[in-house]
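Overview (structure and organization)
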Amino acid sequence: VGYGMSDVTYLLAHGVGVDALQEEGGEPELVTSYCASLRAALSASASASASSTSVVASAAPAASTSPASKATPAPDASTRYTDEIALRHYRFALVDYARLVFSRFVTDADPRTFEAANSAPRALNTGVIYRDPRAPLRFVERVDAALTIVETELDASTRGGSAMDKEQDFSA
């Protein structure tokens, strides 16, 4: 998909236990919590950058009259990447990632297969989805829910579009 939320999708699919994903708020809460931390880091970075720019500007000779010096700064990325957009990107990334996971699902899974995965020397490098017998079903349920939302959104966009169709592309 190419969105940064793909990495968050991989982490939630492979590194977070089923119980944590099923707690109140679950997946959306984890994604929005991540986004809040991301926005805080982006805002702090923008502030640091702005203050280093103002130090340089104050050391410069008289104010410039060039058009560039009077330009309005672009909106802060920390405010443009909303939870709604992030969750939308997360759903697309989850559906896209499911293509890979479904093609590699353990086909002979039974309790012994999962037990062997948990006792393997490199068990911590094996995704939760391959170590916890509940995880594959929960993953399928999460993908199904995301796909339902994506399909609904795509259906709406073919009937005249939605506000999300006009979102900015943050994949660059």
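Above: the structure in question.
First, a word on scope: everything that follows refers to the structure included in this document. Just so we're clear, the structure is a prediction, and the values are computed from it rather than from any experiment.

On to the packing of helix H5 (residues 83-104) against helix H8 (residues 135-158), then. The N-to-C vectors of H5 and H8 enclose an angle of 125°; their axes lie 9 Å apart at closest approach. On the basis of the axis angle, H5 is oblique to H8. Between H5 and H8 the crossing geometry is left-handed. Taken together, the residues of H8 that come into contact with H5 (itself represented by Arg-88, Tyr-90, Arg-91, Phe-92, Leu-94, Val-95, Tyr-97, Ala-98, Val-101 and Phe-102) are Phe-139, Val-140, Arg-142, Val-143, Ala-146, Leu-147, Ile-149, Val-150 and Glu-153. The class makeup of the residues in the contact of H5 with H8 is 15 nonpolar, no polar and four charged.

Further remarks concern the pattern of salt bridges. Tallying each qualifying case throughout the model produces seven salt bridges. Salt-bridge contacts for Arg-88 lead to Glu-153; the nearest nitrogen and oxygen are separated by 2.3 Å. Taken as a pair, Arg-88 in helix H5 and Glu-153 in helix H8 lie far apart in primary sequence, 65 residues in all. Like Arg-88, the residue Glu-153 is buried in the burial classification. One salt bridge in this structure joins Asp-132 and Arg-134, with 2.9 Å as the shortest N-O distance. Take Asp-132: its relative accessible area is 16%, and that puts it in the buried class. Each of Asp-19, Asp-132 and Arg-134 takes part in a single network of salt bridges with overlapping partners.

Right, let's get into the packing of aromatic side chains. Overall, the coordinates contain three aromatic pairs when judged by the stated rule. Taking 4.7 Å as the distance between ring centres and 55° as the angle between the ring planes, the aromatic pair formed by Tyr-10 and Tyr-97 counts as tilted. Linking Tyr-10 in helix H1 (residues 5-15) with Tyr-97 in helix H5, this pair joins segments that are 87 residues apart in sequence. Tyr-97 sits in the buried class, given a relative accessible area of 10%. Measuring from centroid to centroid gives 5.9 Å for Phe-102 and Phe-139, while their planes differ by 80°, and the two rings are edge-to-face. Pair noted here: Phe-102 is in helix H5 and Phe-139 is in helix H8, with a separation of 37 residues, a long-range link.

What follows concerns the nonpolar core. Core analysis: the largest hydrophobic core is formed by 25 residues, its most contacted members being Met-5, Leu-12, Val-31, Tyr-90 and Phe-139. Sorting the residues of this core by element identifies H1, helix H2 (18-22), helix H3 (26-59), H5, helix H7 (128-131) and H8 as the ones contributing at least two each.

Rules behind the numbers
Along each chain, residue indices are assigned from 1 in the same order as the chain's sequence is written. Reporting in this predicted model follows two pLDDT cut-offs: at least 70 for local features of residues, and 80 or more for side-chain atom pairs to be given and counted; totals over whole chains, interfaces and linings ignore these cut-offs and use all residues. The side-chain values count all of the structure's non-hydrogen atoms but skip hydrogen atoms and water molecules. Between N-to-C directions, angles span 0 to 180 degrees; the directions come from axes that are lines fitted to C-alpha atoms, helices contributing only their stretch in contact. Note on conventions: DSSP H or I runs of at least 4 residues are helices, E runs of at least 2 residues are strands, and numbering of each starts at the N terminus. Throughout, the term roughly parallel applies to angles under 35 degrees, roughly antiparallel to angles over 145, roughly perpendicular to angles from 65 to 115, and oblique to all others. Note: crossing handedness is left-handed where the near helix turns anticlockwise from the far helix by less than a right angle, and right-handed where it turns clockwise. Contacts were defined at the residue level, with two residues in contact if any of their heavy atoms lie within 4.5 Å. Each residue gets one of three labels, nonpolar for Ala, Val, Leu, Ile, Met, Phe, Trp, Tyr, Cys and Pro, charged for Asp, Glu, Lys and Arg, and polar for the others, Gly among them. One speaks of a salt bridge when a side-chain nitrogen belonging to Lys or Arg is within 4 Å of a carboxyl oxygen belonging to Asp or Glu. For each residue, the accessible area found with a 1.4 Å probe, counting protein chains only, is set against the maximum for its type, and the residue is called buried under 20%, exposed over 50%, and partly exposed in between. Two rings belonging to Phe, Tyr or Trp (six-membered ring only in the last case) form a pair when the distance between their centres is within 6.5 Å. Interplanar angles under 30 degrees mark stacking, angles over 60 mark edge-to-face geometry, and anything in between is tilted. We call a set of buried residues a nonpolar core when its members are Ala, Val, Leu, Ile, Met, Phe, Trp, Tyr or Cys and they connect through side-chain atoms within 4.5 Å of each other.

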